[in-house]
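Fold and contact review
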Amino acid sequence: AFAYCRNLKSVTVNWTAADKIVQISLNVFNECPEGWTLIVPDGTESLYIADSSWGPYTANMKVYIPVTLRRGLDSGDNYIGYFATFYSSESAYDLTGTNTKAYTGVLEDIEDEYEVKVLKLKDAGNIIGQGMGVVLKYAGEDQGSETIDIVLMPSEETATAGENILTGTDVELSLEDIPENSYALSYSKEHGLGFYYCNYEGWTIAAHKAFLTLSDSPAKSIIFQFDGEPTGIKDVQGSMFNVQGSVYNLNGVRVNENYKGIVIKNGKKFYQK
């Protein structure tokens, strides 16, 4: 099919099961230029490497990544857009044609009794650079649905984030693997969409998601700010945030507020009922 296609840049395939991958003959890519890219669904790389007919073409393999943006509401149940986060250390990705914008972020303190921090988001353009954590926001109108799905394709272009507190992960992180004082994008019926402190048992951060980590003590709340207009969560207090520091059991494993027994907090032992 592609034999003697000397300007071939890439071929994208979407088979996600070994028994569904179509077998090709040896001359399909005959005389194609060196360096063309095979683009496969995220998580299927090993299937194509192991496949006898596709394996020889996986040296320049990259992945495309499906992303689900979820309908965001503020603490007053008002629609504020469709949001997700994204991160990849393996490739840059292109938002062209998705009607979605990427934002990098910096934190600013607000001098008030609630220890609020503001995540100020800056438009990062259409290219999400390699190793750049971003917040994604759908640029269109409310679709009346809970989710919107887009597909991010790898890009040969590059982009730099500049000052950006958002980092991320290429693999799923369980609670014990998440860095201390980290926040991930989530939603609470009580407080709306925002970055919430990752301190609950069972909390995970999915692969290719961005999050942020504070170098000092956790904030009680983090709010978004697009173009000077704050949205998202605010004035979050109480048990949602472990504002005095993380809690560990005697084995050094981080635990949540429901754990019962002797715990270590800020270097001291306590009995948690």
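Everything below is about the structure printed above this text.
So, how was this worked out
- Residues numbered from 1 in each chain as written.
- Predicted model: local features only at pLDDT ≥ 70, side-chain atom pairs only at ≥ 80, totals over all residues.
- Heavy atoms only, no water.
- Helix = DSSP H or I, 4+ residues; strand = E, 2+ residues; numbered from the N terminus.
- Buried < 20%, exposed > 50% of the residue type's maximum accessible area, 1.4 Å probe, protein only.
- Contact = heavy atoms within 4.5 Å.
- Pairing = 2+ DSSP bridges.
- Axes fitted to C-alpha atoms, helices over the stretch in contact; angles between N-to-C directions.
- Core = buried A, V, L, I, M, F, W, Y, C linked by side-chain atoms within 4.5 Å.
- Disulfide = S-S within 2.5 Å.

Turning to the overall build of the chain, a few remarks are in order. From N to C terminus, the chain includes 1 helix and 22 strands. For the chain, the residues scored as buried account for 44% of the 273 residues in total. Sequence separation of at least 24 residues holds for 69% of the intrachain contacts in the chain that already meet a minimum separation of 6.

It is worth spelling out the sheet that holds strand β14 (residues 192–197) at this point. Pairing within the open sheet is antiparallel, and its 4 strands lie in the order β11-β16-β13-β14. The open sheet has two free edges, formed respectively by β11 (166–169) and β14, since each of these has just one partner strand. Taken pair by pair, the neighbouring strands of this sheet meet at an average axis angle of 50°, ignoring direction. Taken together, the 6 bridges between strand β13 (residues 182–188) and β14 define a ladder with antiparallel strand orientation. Along β14, the bridge assignment pairs Ala184 with Tyr196.

Attention now moves to the nonpolar core. Ranked by size, the top nonpolar core spans 33 residues in total, and within it Phe29, Val67, Phe86, Ile128, Leu136 and Leu152 carry the most contacts. A total of 4 residues in this core trace back to one element, the largest contributor, which is strand β3 (residues 62–73). Those residues in contact with Phe29 that lie beyond four places of it in its chain are Phe2, Leu8, Val11, Ile24, Trp36, Trp54 and Tyr57.

Per the stated rule, a full pass over the model turns up 0 disulfides. Cys5 takes part in no disulfide bond, and the closest cysteine sulfur, belonging to Cys32, lies 5.7 Å away. With relative accessibility at 29%, the residue Cys5 sits in the partly exposed group. The buried category is assigned to Cys32, whose relative accessible area is 14%.

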